[in-house]
Amino acid sequence: MGLRRGAWLFAFLILCAACGPRVPLEALPEIPAVPTADFLPAVRTQLDDARAKLDQDPTDPTHNGRLGMLYLVYKLDHQAETALRRARLLAPRRFEWTYYHAQALLRLGNYDRATAALEAAIARKPGDVAARIQLGVAQRRSGDLGAAQLTLTAVLEDEADQVEARFQLGRVLLRRGEIDDAIVAVEQALEQHGPFADGYFALAEAYRRNSDPARAQQQLGLFERYRGVRLQGGDRLMGRLRQLDRSARSLLHRADQLNRLGRAEEAIELLHQAVAADPGSLTAHSALLWAFGSKRDFAAVDRQFGEASAVNPDDPTLNRNLGRARLLEGRYVEAETALRRALELNPADATGLAMLGQVLEQRGENTQAEAMYRNALEHDPRQMPAHTRLAERLLQRRAHTEAVAHLEAIARYSVGKETAKHWRRLGENYVRLERADAARAAFETGLSRARADGNRQEETRNSRALQRLDKENNQ
């Protein structure tokens, strides 16, 4: 009997130790209030229910932690930090509350405290890869680059396929000035993962610092193309946060990611969900209008515009996207009407100005079209459709000197297998202007890009263009 009672008492003591110390309510920091009236109904209900549970039992660590998670989801970082600090005080042995608290501290720029929290989390779970990677991130942000490099290198020594660790190591190496090694690390991360915006931006910075402006511009072009695409890591706890997100914003972001990756049908499905979650979201309505226009599903364009007009018929993006759909459909009078209405509402919309130029060109009003393209470029010098159409107009008029600036912009900012062709066309224009050195540089860049992209046709064309140039110079 005594042995049995002793065993029961030992188990009870172990259970109590696992629960952590009981902290009195007055010792806990007060969570700032969050007015929820302006949130979407689904989000408001989610936040209010979590707060109500906490109010019923304010020293329950799970209620504090769950509320903190929701605050992280909806970018209420100060409130999240307080709620998760309370959860840690109430349950100091719970790994997840320590980890989420570190995330809140990172967002708030408290890097030293975030580092300490992550070290505490890793002490609980030494094998947690996500926490070790985030420790490297916190160390980098705090300026302790040597420690960050050791942390991330150790992760990769244990698990060589950890793409986020490799990318973060590349960022550390870039800050340490080890540019060539940084480029290798980031390029390997992109090869392992596929496109993601931060990778291209880091490479652009690396090539800029390596005095390679052409490659830097190429990487910036890829960054713009994949701007909404994030590195998808294997962070289970952060994935749990994303699953809690009931906002239309989250659906829109994921739809944008899918669209940039060429998965248009999946993107459209998410956009439908965003409209259902927030029928008043003109961003979601406008994105659907653009998507249906791209699919040339003009009946769906009409339906979507009707639904969106019930929210606000004077939204400039909505009218611009309707104009684009009418342009694609060949209904040029209606396209012009919609685009001019959009530009009345937002005169600085470079995309709308370029589209109106295309409409005017289709209607034979070429002088006005060129004026629209120039106007678009005044507002946005990287407006590629305006550069492209204006270059074509100028080449047709044999205005080769004026066309140079637009052909250069097209070549420098283009991405994908078409890039080599754009460099070749620039070179051909330089040949017409008898600028042999500039033509050679353009053809050589086109040849290099064709080889890098595996574009055999353009590799042959750029190579032949160089041979012709050499032959003419030797005559």
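Here, the structure is the one placed above.
Calculation rules
- Residues numbered from 1 in each chain as written.
- Predicted model: local features only at pLDDT ≥ 70, side-chain atom pairs only at ≥ 80, totals over all residues.
- Heavy atoms only, no water.
- Helix = DSSP H or I, 4+ residues; strand = E, 2+ residues; numbered from the N terminus.
- Buried < 20%, exposed > 50% of the residue type's maximum accessible area, 1.4 Å probe, protein only.
- Contact = heavy atoms within 4.5 Å.
- Areas by Shrake-Rupley, 256 points an atom, 1.4 Å probe, with all protein chains shown as cover.
- Lys, Arg positive; Asp, Glu negative; His and termini not counted.
- Charge placed at Lys NZ, Arg CZ, Asp CG, Glu CD.
- Core = buried A, V, L, I, M, F, W, Y, C linked by side-chain atoms within 4.5 Å.
- Salt bridge = Lys/Arg side-chain N within 4 Å of Asp/Glu carboxyl O.
- Polar contact = N/O pair within 3.5 Å; in protein donor to acceptor, adjacent residues only side chain to side chain.
- Axes fitted to C-alpha atoms, helices over the stretch in contact; angles between N-to-C directions.
- Parallel < 35°, antiparallel > 145°, perpendicular 65-115°, else oblique.
- Left-handed = near helix turned anticlockwise from the far one by under 90°.
- Nonpolar A, V, L, I, M, F, W, Y, C, P; charged D, E, K, R; others polar.

Novice: Please set out the overall build of the chain residue by residue, giving values where relevant.
Specialist: The secondary structure content of the chain amounts to 26 helices and zero strands. Counting only residues that meet the buried cut, the chain has 47% of its 475 residues in that class. Put simply, of all contacts in the chain between residues at least 6 apart along the chain, 55% involve residues at least 24 apart. Accessible surface, the chain as shown: approximately 24000 Å² in total, 49% of it carbon and sulfur. Across the chain, the centroid of the 69 positively charged side chains sits 2 Å from that of the 64 negatively charged ones.

Novice: Lay out the nonpolar core in plain terms, naming residues and giving numbers.
Specialist: With 66 residues, the main nonpolar core has Tyr71, Tyr99 and Tyr100 as its most contacted residues. Not counting the four nearest positions on each side in its chain, tyrosine 99 is found in contact with Leu118, Ala121, Ala130, Ala131, Gln134, Asp235, Leu237 and Met238. Core analysis: the next-biggest nonpolar cluster, separate from the first, contains 37 residues, Ala350, Ala391, Leu394 and Ala411 among them.

Novice: Lay out the pattern of salt bridges in plain terms, naming residues and giving numbers.
Specialist: In the structure shown here, the tally under the stated rule is 36 salt bridges. Of the charged contacts in the structure, one is a salt bridge between arginine 326 and glutamate 329, with a shortest N-O distance of 3.7 Å. Placement of both arginine 326 and glutamate 329 in helix 18 (residues 316–329) is noted, with a separation of three residues, approximately one turn of the helix. The exposure class of glutamate 329 is partly exposed, given its relative accessible area of 29%.

Novice: Describe the side chain of glutamine 46, with residues and values.
Specialist: Along the chain, the position of glutamine 46 falls in helix 2 (residues 41–56). Side-chain polar atoms of glutamine 46 contact the side chain of tyrosine 74, separated by 2.5 Å. Setting aside residues up to four positions removed in sequence, glutamine 46 forms contacts with Leu70, Tyr74, Leu244 and Arg246.

Novice: So what about helix 13 (residues 236–244)? Which residues, and what values?
Specialist: Residues Leu237, Met238, Gly239 and Leu241 constitute the buried set of helix 13. Looking at the buried residues of helix 13, the elements they touch are helix 3 (61–73) and helix 5 (95–107). Where helix 13 starts, the residue carrying a side-chain oxygen 3.2 Å from the main-chain nitrogen of leucine 237 turns out to be aspartate 235.

Novice: Which residues make up the environment of arginine 340, and what values do they have?
Specialist: Relative to the helices and strands, arginine 340 resides in helix 19 (residues 332–345). Ignoring sequence-local partners within four residues, the contact set of arginine 340 consists of Leu356, Leu360, Gln368 and Met372. Only 2.8 Å separates the side chain of arginine 340 from the side chain of glutamate 336, close enough to count as a polar contact.

Novice: How would you summarise the side chain of histidine 101 if you had to cite specific residues and measurements?
Specialist: Positionally, histidine 101 belongs in helix 5. Residues in contact with histidine 101, not counting those within four places in the same chain, are Glu81, Leu84, Arg85, Arg88 and Arg113.

Novice: How would you summarise the environment of leucine 327 if you had to cite specific residues and measurements?
Specialist: Tracing the sequence through the fold places leucine 327 in helix 18. Linking leucine 327 and alanine 338, residues 11 residues apart in sequence, is a C-alpha distance of 10.0 Å. Apart from residues no more than four positions distant in its own chain, leucine 327 is found in contact with Tyr332, Ala335, Met355, Gln358, Val359 and Gln362.

Novice: Describe in detail the packing of helix 24 (residues 419–432) against helix 26 (residues 456–474), supporting the description with residues and values.
Specialist: At a minimum axis distance of 9 Å, the contact between helix 24 and helix 26 shows a crossing angle of 20°. Here helix 26 runs roughly parallel to helix 24, going by the angle between their axes. For the pair helix 24 and helix 26, the sense of crossing is left-handed. When helix 24 is examined against helix 26, the residues Ala420, Lys421, Arg424 and Val431 are found in contact with a partner set consisting of Glu458, Arg461, Asn462 and Leu469. Tallied by class, the residues present in the contact of helix 24 with helix 26 amount to three nonpolar, one polar and four charged.

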